[in-house]
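# Coordinate inspection notes
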Amino acid sequence: MTSTFLADRRSGSGTDLPPPERIRARGRVRRRVLNWLTAVAFQVPALVLFIGLVLLPMLFALYAAFFRWGGFGMPSDYVGVDNFTDLFDNPVFLGDLWRCLLLVVLSLALQLPFALAMAVALNQRLRGRAVYRMLFFAPYVLSEAITGVLFSMIFAPDDGLADHLLGLVGLDGIGGEWFAEPSTVMATVFIVMTWKYFGFHMMLYLAGLQSIPAELREAALIDGANPWQVFRNVTLPLLAPTIRISVFLSVIGSIQLFDLVWVITQGGPDHHSETMAVTMFQYGFKRYQVGYASAISVVMFGICLVFALAYQRFVLRRDLEGATTTMRGDGK
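Residues numbered from 1 in each chain as written. Predicted model: local features only at pLDDT ≥ 70, side-chain atom pairs only at ≥ 80, totals over all residues. Heavy atoms only, no water.

## Considerations on unusual backbone geometry
With the exception of glycine, most residues fall at negative phi, and the peptide bonds are largely trans. Residue Gly268 is joined to Pro269 through a cis peptide bond whose omega torsion reads -5°. Among the structural elements, Pro269 can be located in the loop between helix H11 (259-264) and helix H12 (276-286). Even without glycine at this site, Asp270 takes up a positive phi of about 55°. Its location among the elements puts Asp270 in the loop between H11 and H12. (Helix = DSSP H or I, 4+ residues; strand = E, 2+ residues; numbered from the N terminus.)

## Examining helix H8 (residues 185-210)
Between its first and last C-alpha, H8 extends 38 Å over 26 residues, near the 38 Å set by a 1.5 Å rise per residue. The largest bend in H8 comes to about 40°, at Tyr197. (Expected span 1.5 Å × (residues − 1). Bend = angle between axes of the 7 residues up to and from the residue.)

## Remarks on the pattern of salt bridges
Tallying each qualifying case throughout the model produces three salt bridges. Across the pair Asp96 and Arg99 runs a salt bridge whose closest N-O atoms are separated by 2.8 Å. A residue pair is termed a helical-turn pair when its members lie 3 or 4 positions apart in one helix, as Asp96 and Arg99 do in helix H4 (residues 91-122) at three residues. Here Asp96 falls in the buried class, since its relative accessible area comes to 0%. Take Arg99: its relative accessible area is 10%, and that puts it in the buried class. (Salt bridge = Lys/Arg side-chain N within 4 Å of Asp/Glu carboxyl O. Buried < 20%, exposed > 50% of the residue type's maximum accessible area, 1.4 Å probe, protein only.)

## Here we look at the packing of aromatic side chains
Throughout the structure, instances matching the rule amount to 25 aromatic pairs. Plain terms: the ring middles of Phe151 and Phe155 are 5.9 Å apart, the flat faces sit at 20° to each other, and that makes the pair stacked. These aromatic residues form a ring-pair network of at least three members: Phe60, Tyr63, Phe67, Trp69 and Tyr78. When the ring centre of Phe314 is taken as origin, the NZ or CZ atom of Arg313, which lies over that ring, is 5.3 Å away. (Phe/Tyr/Trp six-rings, centres within 6.5 Å; stacked < 30°, edge-to-face > 60°. Lys NZ or Arg CZ within 6 Å of the ring centre and 35° of its normal.)

## Points about H12
What H12 keeps buried is the set Met276, Ala277, Val278, Thr279, Gln282, Tyr283 and Gly284. With its phi angle positive at about 55°, Tyr288 sits one or two positions after the end of H12.

## A word on the side chain of Thr188
Along the polypeptide, Thr188 turns up in helix H8. Setting aside residues no more than four positions away along its own chain, Thr188 makes contact with Phe155, Trp178 and Phe179. (Contact = heavy atoms within 4.5 Å.)

## Thoughts on the environment of Phe307
Along the chain, the position of Phe307 falls in helix H13 (residues 290-314). Taking relative accessible area as the criterion, Phe307 reaches 22% and is therefore assigned partly exposed. It is 8.9 Å that separates the C-alpha atoms of Phe307 and Phe248, two residues lying 59 residues apart in sequence.

As structure tokens, then:
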């Protein structure tokens, strides 16, 4: 009987087990299914939140933009594209577009170069540079509401800290109604913006600077380059990917600026500091013209989307292609 059993096993009949290759294949299939189920289990909660809190509200805002709707019940008064045509006939919204462009230009021309200069300075071997980094980054940690209240007191007319300091140096005639004068309100808002956000961009640049090998700068100095030539020909090109990301975040943030302006001025005086987001809030939650406010949100989204796609296509393309190539090259 024993010899018959062994013969059956050699011939692959009776109680013969699957070949080792088949066992390994089944094990790989089980692992793949288990990995797929694990990935789905982790992604489903985030996907549900994204659909419920981001995607569906965006689609509903697009739907409501074609109705004259006060926010109660379901939209029923269909007006087509009238909300959009009225929007571009509204001088307040056209002013919002101009002020948005102004903030973008000022951020790119002043805020980001200032942040880059501070990052280069704090990348040097300075005593207490960690403290300086913390102090310059601290404003970004504060909420926009706290920042707005703080600078409302600093720029308060007559008894504010800004007017007091100007009076000490004999420049009291420069101060005054910082947030109350149409001629000064946007400049003052931009000062607050710079104080609040430059630390974030400074830390981005610091991270980029610290990723540049010191040997490259040292080799350039040995070859006879002065510090400015080293910065222009070595540091700046290698920092370019970080600068491009910083520019993208700065532009998108300027387009969507809301809470800082709302806390400080609520868009005043006489709409001279309003942004698109502030106008949207005014119409949606103050005047209950939710359909019109939805049209503003759609235009804001469209501007951000067009800029993001164009920026990715023409500016970030080389960086993204490099990252994709690296990922493909690392794949086994």
